[in-house]
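Listed below, chain by chain, are the residues.
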Amino acid sequence: MMDISVYGIGKHKPQKVIVTKSKVRKQSIGLNDDILQVKPKLSPIVICASSECHVTPLDVGHRMIQYLGGVVGTLLEPSAGTGNLVSAALNQGFDIKSITAVERHYDLVQAFNSRFEQGELVARHQCFLDFSETAERYDYIIMNPPFKQVKLHVNAAKHLLNPNGVLVALVPITFNDGDFELLENLPNSTFSLAKVNTKLIRYTQF
């Protein structure tokens, strides 16, 4: 069971956050014109609390991609959210045609799909746990899974790696799995909507 002490907001957490068409909106979802090559359209994004979408800051996303150790091969993002991890992957050299993105919340799927002007990448509107039952294997997986189901999502992802495949995940500090190595602990100010103690971990499939 998840240790609720990793959360610092509790019942006062807002039910939704409306991100406006402004510089503040860009900063709140981690966008920076200086480093973001794939730019989003500026229609408002509404992120509901029920989605458990803690948007990964781009600087963290870039480090997660670097921890993968390569950019040639297929990449899976099981909880695509608004697309920050995919943007980080594209910015660091992944081919857009090699990326598969999955997201179960309709509003986030729409936000994700409107973000990439190429139109070559469309998030699959499906629960990752269902997707994983019939999915192919991947060379790389990068994920920021729902914290309340983190073990289920991480275990499902591990089984989708090719031999020598690498998985990098952002998880609550309370998550423990001896197959993973600790990469770094993140500050509890990492997310704008919640004070959550998290870390980056890595698993290699042998």
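Refer to the structure printed above.
So, here is what we can say about the structure in this document. On a predicted model such as this, the values are computed, not experimentally measured, just so you know. (Residues numbered from 1 in each chain as written. Predicted model: local features only at pLDDT ≥ 70, side-chain atom pairs only at ≥ 80, totals over all residues. Heavy atoms only, no water.)

## So, the pattern of salt bridges
Moving on, step 1. This model, assessed by the stated rule, comprises five salt bridges.
Moving on, step 2. We note a salt bridge from Arg63 to Asp59, for which the minimum N-O separation is 3.9 Å. Here Arg63 and its partner Asp59 are both found in helix 2 (residues 58-68), four residues apart, which amounts to about one turn of the helix.
Moving on, step 3. You can call Asp59 partly exposed: its relative accessible area is 47%.
Moving on, step 4. Here Arg63 ties to Glu184 by a salt bridge, and the two come within 2.8 Å at their closest N and O atoms. In this pair, Arg63 sits in helix 2 while Glu184 sits in strand 8 (residues 181-186), placing the two residues 121 residues apart along the sequence. (Salt bridge = Lys/Arg side-chain N within 4 Å of Asp/Glu carboxyl O. Helix = DSSP H or I, 4+ residues; strand = E, 2+ residues; numbered from the N terminus. Buried < 20%, exposed > 50% of the residue type's maximum accessible area, 1.4 Å probe, protein only.)

## Description of the packing of aromatic side chains
Moving on, step 1. Inspection of the entire model under this criterion finds six aromatic pairs.
Moving on, step 2. Here Phe112 and Phe116 contribute two aromatic rings whose centre-to-centre distance is 4.9 Å and whose plane-to-plane angle is 55 degrees, an arrangement assigned as tilted. Across the pair, exposure class does not vary: Phe112 and Phe116 are buried alike.
Moving on, step 3. Aromatic side chains Phe180 and Tyr203 sit 5.4 Å apart centroid to centroid with 40 degrees between the ring planes, which places their arrangement in the tilted category. Here the residue Phe180 occupies a position in the loop between strand 7 (161-172) and strand 8, and Tyr203 occupies one in strand 9 (residues 198-204), the gap between them amounting to 23 residues. The exposure classification of Phe180 matches that of Tyr203, with both residues buried. (Phe/Tyr/Trp six-rings, centres within 6.5 Å; stacked < 30°, edge-to-face > 60°.)

## Comments concerning the sheet that holds strand 4 (residues 99-103)
Moving on, step 1. Taken together, the seven strands give an open sheet; going across it, the order is 5-4-3-6-7-9-8, and neighbouring strands pair in mixed fashion. Each having just a single partner strand, strand 5 (124-125) and strand 8 make up the two edges of the open sheet.
Moving on, step 2. Along the sheet, helix 2 contacts strand 3 (75-77), strand 6 (138-143), strand 7, strand 8 and strand 9; its crossing angle with strand 7, the most-contacted strand, is approximately 155 degrees. (Pairing = 2+ DSSP bridges. Contact = heavy atoms within 4.5 Å. Axes fitted to C-alpha atoms, helices over the stretch in contact; angles between N-to-C directions.)

## As for the pairing of strand 6
Moving on, step 1. Counting buried positions over the six residues of strand 6 gives five, a clear majority of the element.
Moving on, step 2. Direction of pairing for strand 3 relative to strand 6: parallel, over a ladder of two bridges. Along strand 6, the bridge assignment pairs Leu75 with Tyr140.
Moving on, step 3. Of the strand pairs in this sheet, strand 6 and strand 7 are connected by five bridges, and their pairing is parallel. Considered in strand 7, the bridge of Ile141 is made with Leu167.
Moving on, step 4. Viewed along the sheet, the connection from strand 6 through helix 6 (residues 150-158) into strand 7 turns out right-handed. (Right-handed = clockwise from strand over helix to strand, strands pointing away.)

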